[in-house]
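This is what each chain is made of:
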Amino acid sequence: MKITGISLYGLELPLETPQVLSRGRVFDRFHSTFVRIDTDEGISGWGEVCPWGSSYLPAFPGGVRTALMEMAPQLIGLDPTRPDVIVRFMDRILAGHIYAKAAVDFAIYDILGKATGRPIYELLGGKEENAVPRLASVHLGSFDEMNSEIERKRTAGFRNFSVKMGQGIESDIETIRAVMENRKSGELFIFDSNGGWSPHEATRVMNAVSNLDTTFEQPCLTYEECLDVRTRTRQPISLDECMVELKDFVRALSDRGCELVSIKLARVGGLTKARAIRDLCLSYDINLFMMCMAGTVVNDTVAAHFAQTIPANRFCGAWSCQDYITVDPAPQLGARTKQGKMPPPDLPGLGVEPDLELLGRPIAVYS
Ligand code: MG
């Protein structure tokens, strides 16, 4: 099989309500990019990459599109049934920008699944007995707003919560105490500052609640700062934004730098690279959160396939973006949240395609 064409589409995703993260970051819309890869056997595959705006990670919407335009002409003629070979090829022709390459990697797995009649989760090692629990994020707001968001998600069947931090340490400490006081049996709460605390702030907050069964995610911006905080605190830590390449995970595991990690499929460069990271983490009995990054149901479905391959006792939940955006390019299709779970479709490949009418005209076409 050979790649004969690549089309790029852009879609703006306004958010239902603006989302607020630490360090004063406010997001009211995302900009997603879709890739369709066509082949000489009439099979097409879809991928999507949607950064969380431009200030969350070193990844931004314009970077996705420019990197894909740089690579697309060089991918024509390659065999799309060999994901590892294509991923190495992309790393050879363009240094870095692995978040953009994830769109191609996702589309390749869609093609491979359609060609072999198997869902993507089977191509990644097989389905685990894991109901694909969702992770609910609770963004910054007044305590009443955050509490009613937790209550809403609890009623909808969610059991795993990522509560955002970063409104000043006294307010953060009060929020943690109040949330933990209302915790119900079987619920998991992580307190995620998204790198918003200084080492001093993180140490003070974590030590103030050290009597509670709390887990913290990415307390400080850099890996070194998180590791430093770890020497003066005792709670479990999940690492997220600072973990990009396999070697970052190798280092964190050999330093005993975390008990959990959050794998964002686009941040780490796609399914091929995420698969190796998953296996490394599982061999160290590290618990996993995961998600794509942001995006539509197309991205959520990729995340659901990957989540389906993680053993239930190591899996802490998949975040999904579909609840936050006001645009749906594949109505009723793909992985949808029901009762706090998001199983992938049992269809060949990804099992969802965007509606071309809703995507509009492509922004670039290569053949
Ligand atoms: Mg996080």
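### Looking at the overall build of the chain
On a plain count of helices and strands, the chain comes out with 12 helices and 12 strands. In terms of overall dimensions, the chain is globule-like: its C-alpha atoms have a radius of gyration of 20 Å, near the 21 Å expected for 367 residues. Dimensions of the chain along its principal axes, counting C-alpha atoms only, are 60 × 40 × 40 Å. Residues counted as buried form 59% of the 367 residues belonging to the chain.

### Considering the environment of His31
Secondary-structure assignment places His31 in strand E2 (residues 25–39). The exposure class assigned to His31 is partly exposed, which follows from its relative accessible area of 29%.

### Description of the pairing of strand E4 (residues 135–138)
Here E4 shows two buried faces, one formed by Leu135 and Ser137 and the other by Ala136 and Val138. Note that E4 and strand E5 (residues 160–164) share 4 bridges and pair parallel. Note on E5: the bridge partner recorded for Leu135 is Asn160. Traced from E4 through helix H5 (residues 143–155) to E5, the parallel crossover comes out right-handed.

### Some thoughts on the side chain of Thr301
Checked against the element boundaries, Thr301 lands in helix H11 (residues 297–307). Accessibility expressed as a relative area gives 0% for Thr301, which makes it buried. Within the structure, the side chain of Thr301 is placed 2.6 Å from the backbone oxygen of Val297, a separation counted as a polar contact.

### What about the side chain of Arg36?
By the element assignment, Arg36 lies in strand E2. With a relative accessible area of 19%, Arg36 lands in the buried category. Only 2.9 Å separates the side chain of Arg36 from the side chain of Asp38, close enough to count as a polar contact. Apart from the residues within four sequence positions on either side, Arg36 is in contact with Gly5, Ile6, Ser7, Tyr9, Ser44, Gly45, Trp46 and Leu356.

### Considering the nonpolar core
Grouped together as the largest cluster of nonpolar side chains are 124 residues, with contacts concentrated most on Phe30, Ile263, Leu265 and Met290. Top element by residues in this core is helix H3 (residues 98–116). It accounts for 11 residues. When residues of this core are sorted by domain, at least three fall in each of domain 1 (3–117 + 355–366) and domain 2 (123–318). Discounting chain neighbours no more than four positions away, the residues touching Ile263 are Phe249, Val268, Ala274, Ile277, Arg278, Leu288, Phe289, Met290, Met291 and Phe306.

### Focus: the domain arrangement of the chain
The assigned domain composition of the chain is domain 1 (3–117 + 355–366) and domain 2 (123–318). The C-alpha centroid of domain 2 is placed 25 Å from the C-alpha centroid of domain 1. Opposite the 33 residues of domain 1 that make contact, domain 2 presents 35 residues. Summed over the three residues of domain 1 that lose the most area to domain 2, namely Ile98, Phe106 and Tyr109, the buried surface amounts to 22% of that side. Counting every contact that joins domain 1 to domain 2 gives 2 salt bridges. Between Asp91 and Lys273 there is a salt bridge; the shortest N-O distance is 2.6 Å. Here domain 1 is connected to domain 2 by 16 residue pairs in polar contact (both at pLDDT 80 or more). When residues of the side of domain 1 that touches domain 2 are traced back to their parent elements, those giving at least two are strand E1 (3–21), E2, strand E3 (44–49), helix H2 (83–93) and H3. Of the residues forming the side of domain 1 that touches domain 2, the biggest block, 10 residues, is contributed by H3.

### Let's talk about empty space enclosed by the protein
All told, the structure shown has 1 cavity of 30 Å³ or more when counted by the stated rule. What lines the largest cavity is a set of 18 residues, among which Lys164, Asp192, Asn194, Lys264 and Met291 lie closest to the centre. Listed by contribution, the elements that provide at least two residues to the lining of the largest cavity are E4, E5, strand E6 (188–192), strand E9 (260–264) and strand E10 (287–291). Within the lining of the largest cavity, the residues separate by chemical class into 8 nonpolar, 5 polar and 5 charged.

### What to know about the sheet that holds E9
Pairing is parallel across the open sheet formed by 8 strands, whose spatial order is E4-E5-E6-E7-E8-E9-E10-E11. On the outer flanks of this sheet lie E4 and strand E11 (315–318), each paired with one strand and no other. Taken pair by pair, the neighbouring strands of this sheet meet at an average axis angle of 25°, ignoring direction. Looking at chain direction, E10 and E11 are connected through 3 bridges and run parallel. Looking at E11, one finds that Leu288 is bridged to Phe315. Contacts from helix H10 (residues 271–283) reach E9 and E10 within the one sheet, and its direction differs from that of E9 by about 170°.

How each quantity is defined
- Residues numbered from 1 in each chain as written.
- Predicted model: local features only at pLDDT ≥ 70, side-chain atom pairs only at ≥ 80, totals over all residues.
- Heavy atoms only, no water.
- Helix = DSSP H or I, 4+ residues; strand = E, 2+ residues; numbered from the N terminus.
- Rg over C-alpha atoms; globule rule 2.2 N^0.38 Å.
- Buried < 20%, exposed > 50% of the residue type's maximum accessible area, 1.4 Å probe, protein only.
- Pairing = 2+ DSSP bridges.
- Right-handed = clockwise from strand over helix to strand, strands pointing away.
- Polar contact = N/O pair within 3.5 Å; in protein donor to acceptor, adjacent residues only side chain to side chain.
- Contact = heavy atoms within 4.5 Å.
- Core = buried A, V, L, I, M, F, W, Y, C linked by side-chain atoms within 4.5 Å.
- Domains from an automatic or database assignment.
- Buried area = accessible area lost by both parts, 1.4 Å probe.
- Salt bridge = Lys/Arg side-chain N within 4 Å of Asp/Glu carboxyl O.
- 1 Å grid on protein atoms, 1.4 Å probe; cavity = no way out; pocket = protein on both sides within 12 Å on 5 of 7 lines; lining within 4 Å.
- Points joined across faces, edges and corners; volume = space filled by probe spheres on them.
- Nonpolar A, V, L, I, M, F, W, Y, C, P; charged D, E, K, R; others polar.
- Axes fitted to C-alpha atoms, helices over the stretch in contact; angles between N-to-C directions.

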